[in-house]
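A look at the structure
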Amino acid sequence: PTASEEEFMDPQILSDKRIAANVGNLSGIEAVEALPAAIHMRNYATAAGLVGFVVYVWWYSMTSVGKASGINTGSGTNNDPLANLQAEAQDARQSKQNQEAAAIKEADDLAMLDIGVSEKDLQRDGVTIAVAAPDHIATAQETQNQQALNNAAGAGGGTPSASGGRPLWRRIVFFWQS
């Protein structure tokens, strides 16, 4: 039969023809068993080489994770990645606290200079600082300060803000409902 006739033949007939044509050939397992021992040894050597390579890559990956450098000296250095991370976090916290303390001190120093008081004046005993303002100015300023504090507290995250009435996270997550 030609190729076009073979396309329209019954699949069962085609498979019977192919099986009949390969009667003298060996099955898969028999064909592998019939291979010479030299080919078996080369296949085993290739398999052992591949398994060794995979094990080496796994071992290298496990031993190099978390190290800053690829060399493990072991000479008194801390090789624990978690301990190094915690130490770095503590250093960062301490640095942030130092910066905040310096900023507060600088703001206090500027406030004292603004009202005309120096560090020497504050160290003397008996120095009292008083600022007086008319009642209407003081109450207006107190109202402004209270509103600023309320606005700052409202922008925090979980509390409703003065502008939207809903917390900021709800306005972001449910943006289509605004």
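Residues numbered from 1 in each chain as written. Predicted model: local features only at pLDDT ≥ 70, side-chain atom pairs only at ≥ 80, totals over all residues. Heavy atoms only, no water.

**A short note on the overall build of the chain**
Of regular secondary structure, the chain possesses 8 helices and 0 strands. What you see in the chain, going N to C, is helices and strands ordered as α-α-α-α-α-α-α-α. Put simply, of all contacts in the chain between residues at least 6 apart along the chain, 0% involve residues at least 24 apart. Within the structure as shown, the chain displays about 15,200 Å² of accessible surface, and the carbon and sulfur contribution to it stands at 61%. (Helix = DSSP H or I, 4+ residues; strand = E, 2+ residues; numbered from the N terminus. Contact = heavy atoms within 4.5 Å. Areas by Shrake-Rupley, 256 points an atom, 1.4 Å probe, with all protein chains shown as cover.)

**A word on the confidence of the model for the chain**
Fine structural detail should not be taken from predicted coordinates in areas where pLDDT scores are low. With 70% of its residues at a pLDDT of 70 or more, the chain shows a mean pLDDT of 77. Here helix α1 (residues 3-7) stands out as the least confident element of the chain, with mean pLDDT 62; helix α4 (residues 37-64) is the most confident, with 94. (pLDDT = per-residue confidence, 0-100.)

**Side note on the packing of aromatic side chains**
By the definition in use, this model includes 2 aromatic pairs. Both rings, one in Y56 and one in W59, keep their centres 6.2 Å apart while their planes meet at 35°; by these two values the pair is tilted. On the criterion of helical spacing, the pair formed by Y56 and W59 is a turn pair, its members being 3 residues apart in helix α4. Here Y56 falls in the partly exposed class, since its relative accessible area comes to 48%. Classification of W59 by relative accessible area gives partly exposed; the value is 47%. Through successive ring pairs, a cluster of aromatic residues spans Y56, W59 and Y60. (Phe/Tyr/Trp six-rings, centres within 6.5 Å; stacked < 30°, edge-to-face > 60°. Buried < 20%, exposed > 50% of the residue type's maximum accessible area, 1.4 Å probe, protein only.)

**Observations concerning the pattern of salt bridges**
In total, this model carries 1 salt bridge according to the counting rule given. Here K105 and D109 are joined by a salt bridge, their closest N and O atoms 3.5 Å apart. Placement of the pair is K105 and D109 together in helix α5 (residues 81-114), with a separation of 4 residues, close to one helical turn. Under the relative-accessibility criterion, K105 is labelled partly exposed at 46%. Assessed through its relative accessible area of 29%, D109 is described here as partly exposed. (Salt bridge = Lys/Arg side-chain N within 4 Å of Asp/Glu carboxyl O.)

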